[in-house]
Amino acid sequence: MGPVWTVVLNGFSTLQEGLSKGDHMSDRPAFPIHTDVLPDLEINKHREDWNPSDPRDFIDCFLTEIQKHQDKRDDEPDACFDGGNLVKCSFDLFGAGTETTSITLRWGVLYMAKYTEIQEKVQKEIDSVIGQSREPSMEDRPNMPYTDAVIHEIQRIGNVVPHNLPHVTNRDVQIGGYTIPKGVIVMPNLTSVLFDKNEWETPNTFNPGHFLNKEGKFVQRAAFIPFSVGKRVCLGENLARIELFLLFTSFLQRFTFSMPPGVEAVFKPRVSIFLSPQPYQICATLREE
Ligand code: HEM
């Protein structure tokens with residue numbers, strides 16, 4: 001029988017206790033995914049000209065693993081390298097990896113259009129560290145503490161995945177003095193940490209100063225957990241951080257964002273599994289070289 005109730009974890013220390021220690025909440029609830037309705041055309045295309053000694057991407061590498069494990073099916077009843085799982089994993093990577101990053105960038109552009117003085121400071125840093133004649137690279141990030149702080153603050157206040165993904169207890173566990181029985185769905189509430197007034201000086205205000213010390217150097221904050229924490233922490237965190245830095249700096253290197261005349265920026269989010277901005281119109285003005 002499936003879980004009969006759901007628990008919501010609130011607060012920084014509870015989430016750390018629940019997600020970071022041990023593997024007692026590392027499973028995902030088994031929601032059915034019908035692989036027969038998912039497109040596997042791309043996988044079939046890959047199969048046609050697949051060369052195991054020259055893998056082009058994730059699908060090619062997975063096909064190699066399927067082949068390696070093919071003859072061992074009887075010895076490895078739990079092996080997960082098969083066509084169905086390849087479809088699910090590819091689906092997961094697109095689902096988890098595209099909307100999250102693009103929503104964060106949409107929040108970023110909106111915050112820059114609203115807080116023009118912050119946008120100007122980012123552009124000043126871009127001009128002095130990167131200039132206009134080359135593209136941003138990841139080597140620039142350590143030299144751009146203000147921009148780094150702004151991107152972190154966009155992620156904090158944007159709170160794109162507010163309820164994390166569901167976890168499920170795989171044995172009875174004690175958290176914060178409560179016993180959660182095996183098989184219960186647990187929703188770790190990231191909002192309670194990203195807006196915790198004990199952790200952030202101005203939790204409800206856009207303030208890149210949350211990530212800067214008095215000397216203007218970037219400081220990492222333990223309560224910054226938009227990617228969650230623990231064993232099931234976002235698999236794409238590093239990729240997402242790279243994408244956010246390169247795209248955000250490239251946008252502001254080339255454009256200045258502003259609201260169209262007479263239009264106010266709206267920060268009330270659209271609520272689904274993600275929190276995204278309402279569709280908006282924006283003016284992107286090309287910066288002079
Ligand atoms: C701003 C961008 C992103 C945010 C805020 C974000 C956030 C998250 C969060 C909160 C989780 C749930 C972690 C947990 O269950 O404790 C998660 C899981 C996951 N993310 Fe991301 N993510 C982002 C980008 C990406 C990208 C770019 C990829 C891959 C290309 C990705 C792939 C995944 C996968 C596969 C999981 C499931 C991991 C597992 O179950 O073990 N994410 N992400």
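A short tour of the structure in this document, coming up. Since the model is a prediction, treat every value here as computed from it, not as a measurement.

### Examining helix H4 (residues 83-114)
- Counted at 1.5 Å a residue, the expected span for H4 with its 32 residues is 46 Å, and the 47 Å between its end C-alpha atoms agrees.
- Of all the residues in H4, the buried ones are Leu86, Val87, Thr100, Thr104, Trp107, Gly108, Val109, Leu110, Tyr111, Met112 and Ala113.
- On its buried face, H4 sits against helix H2 (41-48), helix H3 (58-70), helix H5 (116-129), helix H6 (145-158), helix H8 (237-254) and strand E6 (255-258).

### Thoughts on the site of the ligand
- Neighbouring the ligand are 23 residues; Ala96, Gly97, Ser228, Cys234 and Gly236 lie closest to it.
- Only H4 and H8 provide two or more residues apiece to the shell around the ligand.
- When residues in the shell around the ligand are grouped by element, the largest group, seven residues, is from H4.
- The residue makeup of the shell around the ligand, split by class, is 13 nonpolar, seven polar and three charged.

### Examining the packing of H5 against H6
- Two elements in contact, H5 and H6, have axes whose closest approach is 8 Å; the angle formed by their N-to-C orientations is 140°. Taken as axis vectors, H5 and H6 run oblique relative to one another. With respect to the hand of their crossing, H5 and H6 are arranged in left-handed fashion. Together, Ile118, Lys121, Val122, Glu125 and Ile126 of H5 and Tyr146, Thr147 and Val150 of H6 make up the contact between the two elements.
- Considered class by class, the residues forming the contact of H5 with H6 number five nonpolar, one polar and two charged.

### Observations concerning the sheet that holds strand E1 (residues 6-9)
- Pairing is mixed across the open sheet formed by three strands, whose spatial order is E1-E5-E2. Both outer strands of the open sheet, E1 and strand E2 (167-168), are each paired with one neighbouring strand and no more.
- Relative to strand E5 (residues 185-188), E1 is paired through four bridges, and the arrangement is parallel. By the bridge assignment for E5, Val7 is matched with Val186.

### Focus on unusual backbone geometry
- Even without glycine at this site, Asn159 takes up a positive phi of about 50°.
- Following the sequence through the fold, Asn159 ends up in the loop between H6 and E2.
- For Asn159, a count of 18 C-beta atoms within 10 Å corresponds to the partly exposed category.
- We note that Asn164 has phi near 55°; this positive angle belongs to a residue other than glycine.
- Topologically, Asn164 is positioned in the loop between H6 and E2.

### Quick word on the environment of Gln220
- When you line up the elements, Gln220 lands in the loop between helix H7 (191-194) and H8.
- Accessibility expressed as a C-beta count within 10 Å gives 8 for Gln220, which makes it exposed.
- Through-space distance from the C-alpha of Gln220 to that of His210 is 9.1 Å; in sequence the pair is 10 residues apart.

### As for the environment of Val150
- Note on placement: Val150 falls in helix H6.
- Each C-alpha atom, one on Val150 and one on Phe248, is 10.0 Å from the other, the two residues being 98 residues apart in sequence.

### Regarding the nonpolar core
- Counting 19 residues, the largest nonpolar core has Val150 and Ile154 as the members making the most contacts within it.
- Mapped onto this core, the elements with two or more residues apiece are H4, H5, H6 and H8.
- Beyond its immediate stretch of four places on either side in the chain, Val150 contacts Ile118, Val122 and Pro208.

### Overview of the environment of Glu237
- Examined against the element boundaries, Glu237 turns out to sit in helix H8.
- Owing to 12 C-beta atoms within 10 Å, Glu237 belongs among the exposed residues under this scheme.
- Sequence separation of Glu237 and Arg156 is 81 residues, and the distance between their C-alpha atoms is 14 Å.

### Digging into H8
- Taking 1.5 Å of rise per residue, the 18 residues of H8 would be expected to cover 26 Å, and the 26 Å separating its terminal C-alpha atoms lies within 8% of that figure.
- Those residues of H8 not exposed but buried are Leu244, Phe248, Thr249 and Leu252. Buried residues of H8 fall within an arc of 105° about the axis and therefore sit on the same side.
- The inward-facing, buried residues of H8 abut H4, H5, H6 and E6.

About the thresholds
Residues numbered from 1 in each chain as written. Predicted model: local features only at pLDDT ≥ 70, side-chain atom pairs only at ≥ 80, totals over all residues. Helix = DSSP H or I, 4+ residues; strand = E, 2+ residues; numbered from the N terminus. Expected span 1.5 Å × (residues − 1). Buried ≥ 20, exposed ≤ 12 C-beta atoms within 10 Å, placed from the backbone. Contact = placed C-beta atoms within 7 Å. Near = placed C-beta within 6 Å. Nonpolar A, V, L, I, M, F, W, Y, C, P; charged D, E, K, R; others polar. Axes fitted to C-alpha atoms, helices over the stretch in contact; angles between N-to-C directions. Parallel < 35°, antiparallel > 145°, perpendicular 65-115°, else oblique. Left-handed = near helix turned anticlockwise from the far one by under 90°. Pairing = 2+ DSSP bridges. Core = buried A, V, L, I, M, F, W, Y, C linked by C-beta atoms within 7 Å. Arc of directions from axis to C-beta.

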